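Report on the structure
Now for the letters of each chain:
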Amino acid sequence: SEPLLEIDGLDIRYETKDGEIHAVTDASFAIDTNEFFGLVGESGSGKSTIAKSIIGGLDDNGSVTAGEIRFRGEPIHSMTERELSERIRWKEIAYIPQASMNSLDPIMRLDKQAVELAKVHTDWSKQRAIDRLTELFEVVGLPGERIYEYPHQFSGGMQQRAIIAFSLFLEPSLLIADEPTTALDVIMQDQILTHLKSIQEEEDVSIVMITHDISVIFENCDSMAVLHGGQVSELGDVTRMFDSPSHPYSYLLQQAFPDIRHPKRDLSVIEGQPPQLQDEVDYCTFANRCPWSTDECVESRPPLQAVGDDNQYTSCIRYDEIEELGHRSPENTR
Ligand code: ATP
Ligand code: MG
């Protein structure tokens, strides 16, 4: 069947006073109906840029310069602001921005905010709006009667849950959550992830979970895309990538994945700086840090290609050597 969302050959650039930033280059991936999809990558890899482009919410100096974004087969990157806000945003695709802690109106009771939202976007009665919010509060693990409170009466973790509840209010088919747990403590993180998982099941919604923490993806998602320097380096089933990564970047991430005896570590384990993205990105953006890169890796941009006939794709030209290379000591042959 047709994917819910398809990102196809996406390029995104930002204009700055020092020139262009090529934030995303030729990114492709697809999300199926009722899927829990992870988008992972280090800081600056382009995660939020891609997420914002999906709902037409790029910063003013950013634009999609190539490729397509299709929702149920329909191109949405070329929709007008009006079409997007009337048909897509919140009703079909809900986006919880990074650091969204203050996105609720602090001086309006939550039940009133729900009634307002329903008035603008639906023909629901007041009671239906209240029932819907109450039901969603329970899905995210908040007592239903707390909808009659103000956001400032909630702790950080409870506010984040309330934001998730509101994002689902208009019954979207896709929820994009940009680092929803990063600001929270570990216990709260786990609780929110558990709730997101049950939301995906109960609300019949696909979820794109954006994170820099590979363990969050390995533990929760069905499929994933790994980003570095605005390129998709690996894409496919989470279990397959966990068992046999096909890109040096995901190989190194997988190696850093802790066993239960060790504390969680994140992408900072990979040393070195990602490249500046000021010029045309016609090289592998991991090559300068890759232990196994060759001249060929910087002579042209490696395309995303299928690994065998399973659901796994890589942009590494040496993908069939990864396992063997991993067992040897690092050698940079450039
Ligand atoms: P983080 O994990 O820190 O949130 P990210 O993966 O979400 O990072 P983005 O915010 O998408 O990364 O940024 C991708 C690249 O685009 C980075 O090089 C960033 O500096 C640049 N960038 C983002 N927004 C703008 C902007 N408005 N103007 C210029 N450059 C920008
Ligand atoms: Mg971000």
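Definitions and limits used
- Residues numbered from 1 in each chain as written.
- Chains lettered and ligands numbered in written order.
- Predicted model: local features only at pLDDT ≥ 70, side-chain atom pairs only at ≥ 80, totals over all residues.
- Helix = DSSP H or I, 4+ residues; strand = E, 2+ residues; numbered from the N terminus.
- Buried ≥ 20, exposed ≤ 12 C-beta atoms within 10 Å, placed from the backbone.
- Contact = placed C-beta atoms within 7 Å.
- Axes fitted to C-alpha atoms, helices over the stretch in contact; angles between N-to-C directions.
- Parallel < 35°, antiparallel > 145°, perpendicular 65-115°, else oblique.
- Left-handed = near helix turned anticlockwise from the far one by under 90°.
- Nonpolar A, V, L, I, M, F, W, Y, C, P; charged D, E, K, R; others polar.
- Pairing = 2+ DSSP bridges.
- Near = placed C-beta within 6 Å.
- pLDDT = per-residue confidence, 0-100.
- Core = buried A, V, L, I, M, F, W, Y, C linked by C-beta atoms within 7 Å.

**Some remarks on the overall build of the protein**
Looking only at helices and strands, the protein features eleven helices and twelve strands. In terms of principal-axis extent, the alpha carbons of the protein reach across some 65 × 50 × 40 Å. Every one of the 334 residues in the protein was classed for burial, and the buried ones make up 41%. Counting only contacts in the protein whose residues sit at least 6 apart along the sequence, the fraction spanning at least 24 positions is 66%.

**Details of the environment of glutamate 42**
Along the chain, the position of glutamate 42 falls in the loop between β3 (36–41) and α1 (47–54). With 236 residues separating them along the chain, glutamate 42 and glutamine 278 place their C-alpha atoms 18 Å apart.

**A word on unusual backbone geometry**
For glutamate 179, which is not a glycine, the phi torsion comes out positive at approximately 50°. Residue position: glutamate 179 is located in the loop between β7 (174–178) and α6 (186–202). By the C-beta count within 10 Å, which is 20 here, glutamate 179 ends up buried. The backbone of aspartate 204 shows a phi angle near 60°, a positive value even though the residue is not glycine. Summarising the element assignment, aspartate 204 is placed in the loop between α6 and β8 (206–211).

**So, the packing of helix α3 (residues 110–121) against helix α4 (residues 126–139)**
At their nearest, the axes of α3 and α4 sit 9 Å apart, and the two run at 120° to each other. As the angle between them shows, α3 and α4 are arranged oblique. Considering how the two elements wind past one another, α3 and α4 form a crossing that is right-handed. Residues Leu110, Asp111, Ala114, Val115 and Ala118 of α3 pack against Lys126, Ala129, Ile130 and Leu133 of α4. Residues that form the contact of α3 with α4 fall into these classes: seven nonpolar, no polar and two charged.

**Here we look at the sheet that holds strand β4 (residues 62–71)**
Strand order in the open sheet made by the four strands is β2-β1-β4-β5, with antiparallel pairing throughout. Pairing within the sheet leaves two strands with one partner each, and these edge strands are β2 (19–31) and β5 (74–75). Where β4 lies against β5, two bridges are found, and the strand directions are antiparallel. Counted as the bridge partner of phenylalanine 71 is glutamate 74 from β5.

**Some words on α1**
Summarising burial for α1: seven of the eight residues are buried, a large majority. Buried within α1 are the following residues: Lys47, Ser48, Thr49, Ile50, Ala51, Ser53 and Ile54.

**What to know about the environment of threonine 33**
Looking at the element boundaries, threonine 33 is found in the loop between β2 and β3. Note: C-alpha distance between threonine 33 and leucine 174 (141 residues apart in sequence) is 8.3 Å. Ignoring anything within four residues of it in the chain, the contact list for threonine 33 reads Leu4 and Ser206.

**With respect to the site of ligand 1**
In the vicinity of ligand 1 there are 18 residues, among which Tyr14, Ser43, Lys47, Ser48 and Thr49 approach most closely. Listed by contribution, the elements that provide at least two residues to the shell around ligand 1 are β1 (5–16), β2 and α1. Broken down by element, the residue count for the shell around ligand 1 peaks at three residues, all from α1.

**Focus on the pairing of β4**
Bridge count between β1 and β4: eight bridges; the pairing is antiparallel. Opposite aspartate 11, over in β4, you have alanine 66 as the bridge partner. Joining the antiparallel neighbours β4 and β5 is a turn of two residues, in which arginine 72 adopts a positive phi near 45°.

**A few points about the sheet that holds β8**
If you walk across this open sheet you meet the eight strands as β6-β7-β8-β3-β9-β10-β12-β11, and the pairing is mixed. Looking at the sheet topology across the chains shown, the edges are occupied by β6 (93–96) and β11 (305–306). Across five bridges, β7 lies against β8 in parallel orientation. If you follow leucine 174 over to β8, its bridge partner there is serine 206. Where α1 meets the sheet, its contacts fall on β3, β6, β7, β8 and β9 (223–228), and the angle it forms with β7 comes to roughly 150°.

**Regarding the confidence of the model for the protein**
With 94% of its residues at a pLDDT of 70 or more, the protein shows a mean pLDDT of 89. Confidence metrics for the complex model read pTM 0.92 and ipTM 0.99.

**Considerations on the pairing of β3**
Extensive coverage of β3 is indicated by the burial of six of its six residues. Note that β3 and β9 share five bridges and pair parallel. If you follow valine 40 over to β9, its bridge partner there is valine 226.

**A few points about the nonpolar core**
Ranked by internal contacts, the top residues of the largest apolar core, which has 85 residues, are Leu133 and Ile176. For this core, the leading source of residues is β2, giving six residues. Excluding anything up to four places from it in sequence, leucine 133 contacts Leu110, Asp111, Ala114, Ile147, Ala165 and Phe169.

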